[in-house]
Amino acid sequence: MGDLDTREWLLTNGLGSFASGTVSDVRTRTYHGWLFAATSPPSGRTLLMSHLEASLELPTKVIALGTNFWASGQIEPLGYKLLRSFDINPVPEWTWGEQGWQLSRQIFMPYGLQAKLEEQKETKDFNDSILGTNQTSFRDRVLIQYRYQGRDTAVLRLRLLVGDRDFHHQQKGSSQLQFSQQLKKGQLFLQSKNADEFGTPWHLRWSKGTYQSNGMWYWNYGLPEENRRGLCDKEDLYSPGYLSVVLESGDTVTLEAQLGFPDESNIALNCESFNREILAEQKRLSQIFGWENFEQSKGNKLKLSSPSTSLPAKDVIWQKLLRASDQFIVHRASINGPTVIAGYHWFNDWGRDTLIALPGIAIVPQRFEIAKGLLQTFGHYCRQGLIPNAFPDAGGEPFYNSIDATLWWIETLGIYLEATQDWKFLAQQYPIVRKIYKALVGGTNYKINVDSTDGLLSWDAPGVALTWMDAVVEGIPITPRRGKPVEINALWYSALCWASRWAEVLSEQHFAEEGARFANQARRYTQQAEQVKQSLQKFWNPKACYLYDTIEPDDSRNSQIRPNAVLALSLSHCGFSGKQGYQVLERAAKSLLTPYGLRSLEPSDPEYIGKYIGNSVSRDSAYHQGTVWSWLIGPFIRAWQRFHKDEALPFDWEPLMQHFLSDACLGSISEIFDGDEPHQPKGAVAQAWSVAEVVRHYHDFK
């Protein structure tokens, strides 16, 4: 396995659907396959098409181009040894070859929302679509194209491997699980049946070739990444048959797999239509981000042995970052509006992650309608003063299991309003701000309430974890943080400052009694903010020259050195002194800062765990006990710029940029890294807030 390049690639379509695999073309995860279709966007993600097992028949030999891990430990066939190059721009492309022949393959996943909806999102009608008054239509599909060059006529055989399973679980073959197929000219309709339940219908089309039905099971694929994670690591895939294509030098064959029943209006498949789809996606991104010329150079061929050692021009990286950020913005059918996938492959959309990511994902790139729509959606679902942390599928109720999603909503609303001066939107959302304020002061779920003695925000509910450090193992929170967490109260202070500013703005826009009412509210917010600012001094730990992480319900102090102190210094309004901020950042830079983000706990702490490895219990136990989180580099930069204005940022961007370009998931940023050197990337291979914070501060990269 040592010579296998298992770096990953990812394609998405704006619906939650995705395709993913490795540079060597070997599947190492449950989440590797060519069509994971979101049957209830962005949820219901189902593996339909795993891959095509390719072989090339020449006059003197048959060449197997696939590579598979098997549960026995064997790797067979060894097609990766014939792999000459891999290129990710503009779409993933593999090239296999020997003397006398060369075969390339490209995979592309077109954007899944119809153009009409995209136009709505960029116009004043967008708010209607958020609240469900406009209908949407989706297309989940993936395109594959092979191109042959050679001196002899060749036959390309493509054996189809399929499934019908939830994307979290492996498929197990059985006599009850069957796949029906109906063959028409140039296309194949497929649907599974398990006992008396029918599966997801989909179909495969091709531009040329002869299909032969030849059903069989392929048993016991091995999935080594799942083995490392202590999860089930074996899978069975079904093959209904294979396609044979006669190719002369220069010929191509194009295939399309699509969710749903065959559509007679489908356009013809060929090289030109494949290229048109790629150009349409490039045009879509160019229009969103205002690029005159989308980066299309073919200079990104990767060495299959090691990452590159030099960075491309800054503007090229910037375009790649924006393209990466777009992968996380998806449509949620249950609210008929946009949301943000927290990370690929396995996360859904979460309120906290979305709101933290929103400045980098949407506000900095000036996708203001997306930002506005998301803020409006979350505000619309505010209940008992709480903003939802997750949306269910259609028919369910949102989940309100966080204390900070509500406060991040206010913080992000403030950032949006400052960027746009959209005071009309403020007037629409201000009643929600008032509702939140009253609920927090009066008390709401999880015993969340403002302490009347010091004005600080507290919570006390055993068995749950309501802050971003939310790992729970066997019903026990690893970092419970009950009481008064430092970043929660820093957010509360910033929220009061925002509320005061907004009440002043609204008082200036109204006359007589209305204006006076807003002015009175502004004064009350200001007075309360001053009380909170004074009470924030309870978090100062003079012995450590750092901030206590939590004031616990019994009024004891947690003195662990965590990045939450940095978060508290990074917000739009900061209640700590310049001297305190300076000292906190000095300590954080020495003990928490790494080339990829901040550790969640300093290494000298007895509870520190330096490697994120093992089964789910081991990994969850390490999640916030030293593991490096990439998204925290953004708060560190903002805090440093506030308290170390005249000092250079003590952070070298190059390792993180090299990771983005040529490590883990090519063209994205991992969720987490080991706390110990060499800080191996772990967790989700593409994380929204990791990318978002780099976008937000990319222009600080010297």
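Residues numbered from 1 in each chain as written. Predicted model: local features only at pLDDT ≥ 70, side-chain atom pairs only at ≥ 80, totals over all residues. Heavy atoms only, no water.

J.: An account of the overall build of the protein is requested, with residue identities and associated values reported.
T.: Scanning the protein from N- to C-terminus turns up 17 helices and 38 strands. Going through the 702 residues of the protein one by one, you find that 62% of them count as buried. Summarising the internal contacts of the protein: among those between residues at least 6 apart in sequence, 68% fall at separations of at least 24. Carbon and sulfur atoms make up 49% of the accessible area of the protein, which amounts to about 26700 Å² in all. Charge-centre separation for the protein: the mean point of 70 positive side chains lies 1 Å from the mean point of 78 negative side chains. (Helix = DSSP H or I, 4+ residues; strand = E, 2+ residues; numbered from the N terminus. Buried < 20%, exposed > 50% of the residue type's maximum accessible area, 1.4 Å probe, protein only. Contact = heavy atoms within 4.5 Å. Areas by Shrake-Rupley, 256 points an atom, 1.4 Å probe, with all protein chains shown as cover. Lys, Arg positive; Asp, Glu negative; His and termini not counted. Charge placed at Lys NZ, Arg CZ, Asp CG, Glu CD.)

J.: Residues and numbers for helix α16 (residues 654–662), please.
T.: Given 3.6 residues to a turn, an α-helix orients residues that are three or four positions apart in the same direction. Burial analysis of α16 places seven of its nine residues in the buried class, which makes it a mostly covered element. Every buried residue of α16 is listed here: Leu 656, Met 657, Gln 658, His 659, Phe 660, Leu 661 and Ser 662. In the core, the buried residues of α16 are packed alongside α5 (314–326), β36 (672–673), β37 (681–682) and α17 (688–697). Residue Ala 664 follows α16 closely and has a positive phi angle near 55°.

J.: I'd like to hear about the side chain of Glu 8, residue by residue, with values.
T.: Positionally, Glu 8 belongs in strand β1 (residues 8–12). Relative accessible area serves as the criterion here: at 5%, Glu 8 is assigned to the buried category. With residues near it in sequence (within four places) discarded, Glu 8 still touches Ser 20, Gly 21, Thr 22, Arg 29, His 32, His 345, Ala 664, Cys 665, Leu 666 and Val 685.

J.: I'd like a rundown of the sheet that holds strand β28 (residues 484–485), residues and numbers included.
T.: Two pairing modes exist for strands in a sheet, parallel and antiparallel, and in both the strands are linked by backbone hydrogen bonds. The three strands lie next to each other as β28-β31-β32, forming an open sheet whose pairing is antiparallel. Looking at the sheet topology across the chains shown, the edges are occupied by β28 and β32 (557–558). Of the strand pairs in this sheet, β28 and strand β31 (residues 550–551) are connected by two bridges, and their pairing is antiparallel. Bridge assignment links Pro 485 to a residue of β31, and that residue is Thr 550. (Pairing = 2+ DSSP bridges.)

J.: I'd like to hear about the pattern of salt bridges, residue by residue, with values.
T.: Counting across every chain of the model gives 34 salt bridges. Between Arg 205 and Glu 256 there is a salt bridge, and its shortest N-O distance comes to 3.0 Å. A residue pair is termed long-range when its members are at least 10 positions apart, and Arg 205 in strand β16 (residues 202–206) and Glu 256 in strand β19 (residues 252–259) qualify at 51 residues. Of the charged contacts, one joins Glu 487 and Arg 481 as a salt bridge, the two residues approaching to 2.7 Å between their closest N and O atoms. Put simply, Arg 141, Arg 205, Glu 256 and Glu 277 are held in one network by salt bridges that share partners. (Salt bridge = Lys/Arg side-chain N within 4 Å of Asp/Glu carboxyl O.)

J.: Any chance you could break down the packing of helix α10 (residues 486–509) against helix α11 (residues 512–535) for me, citing the residues and the numbers?
T.: Helix packing geometry: the angle between the two helix axes and the distance between the axes. At their nearest, the axes of α10 and α11 sit 8 Å apart, and the two run at 160° to each other. On the basis of their axis angle, the class for α10 and α11 is roughly antiparallel. In this structure, α10 meets α11 at a crossing whose hand is left-handed. Contact with α10, carried on its side by Asn 489, Trp 492, Tyr 493, Leu 496, Cys 497, Ala 499, Ser 500, Ala 503, Glu 504, Leu 506 and Ser 507, involves Gly 515, Phe 518, Ala 519, Gln 521, Ala 522, Tyr 525, Thr 526, Gln 528, Ala 529, Val 532 and Lys 533 of α11 and no other residues of that element. (Axes fitted to C-alpha atoms, helices over the stretch in contact; angles between N-to-C directions. Parallel < 35°, antiparallel > 145°, perpendicular 65-115°, else oblique. Left-handed = near helix turned anticlockwise from the far one by under 90°.)

J.: Give me the pairing of β1: which residues, what numbers.
T.: Among the five residues in β1, five count as buried, and that is most of the element. The alternating pattern of β1 places Glu 8, Leu 10 and Thr 12 on one face and Trp 9 and Leu 11 on the opposite face, and all of these are buried. Both β1 and strand β2 (residues 18–22) contribute to a ladder of five bridges, which runs antiparallel. What sits directly across from Thr 12, in β2, is Phe 18. In sequence, β1 turns back onto β2 through a hairpin of five residues, with Gly 14 there showing a positive phi of about 80°.

J.: Give a description of the confidence of the model for the protein that names residues and reports values.
T.: A low pLDDT means the predicted coordinates there should not be read in detail. Put simply, the protein has an average pLDDT of 93, and 93% of its residues get 70 or more. Note that pLDDT drops below 50 for residues 116–134; the model gives that stretch 38 contacts with residues more than four away or on any other chain. For residues 295–299, every residue scores under 50 in pLDDT, and the model assigns this stretch 11 contacts once sequence neighbours within four places are set aside. (pLDDT = per-residue confidence, 0-100.)

J.: Run through the sheet that holds strand β33 (residues 593–594), naming residues and quoting values.
T.: The five strands lie next to each other as β33-β34-β35-β36-β37, forming an open sheet whose pairing is antiparallel. Either end of the sheet is taken by a strand with one partner, and the two such strands are β33 and β37. Of the pairings in the sheet, the one linking strand β35 (residues 628–629) to β36 comprises two bridges and is antiparallel in character. Paired with Val 628 across the bridge in β36 is Phe 673.

J.: So what about the packing of helix α9 (residues 423–442) against α11? Which residues, and what values?
T.: Contact pair α9 / α11: the axes reach a minimum separation of 14 Å and the direction vectors enclose 45°. Between α9 and α11, the crossing angle belongs to the class labelled oblique. Note on packing geometry: the crossing formed by α9 with α11 is left-handed. Contacts between α9 and α11 involve Tyr 430, Arg 434, Tyr 437 and Val 441 from the former and Phe 518, Gln 521, Arg 524, Tyr 525 and Gln 528 from the latter. Looking at the contact of α9 with α11 residue by residue, the classes come out as five nonpolar, two polar and two charged. (Nonpolar A, V, L, I, M, F, W, Y, C, P; charged D, E, K, R; others polar.)

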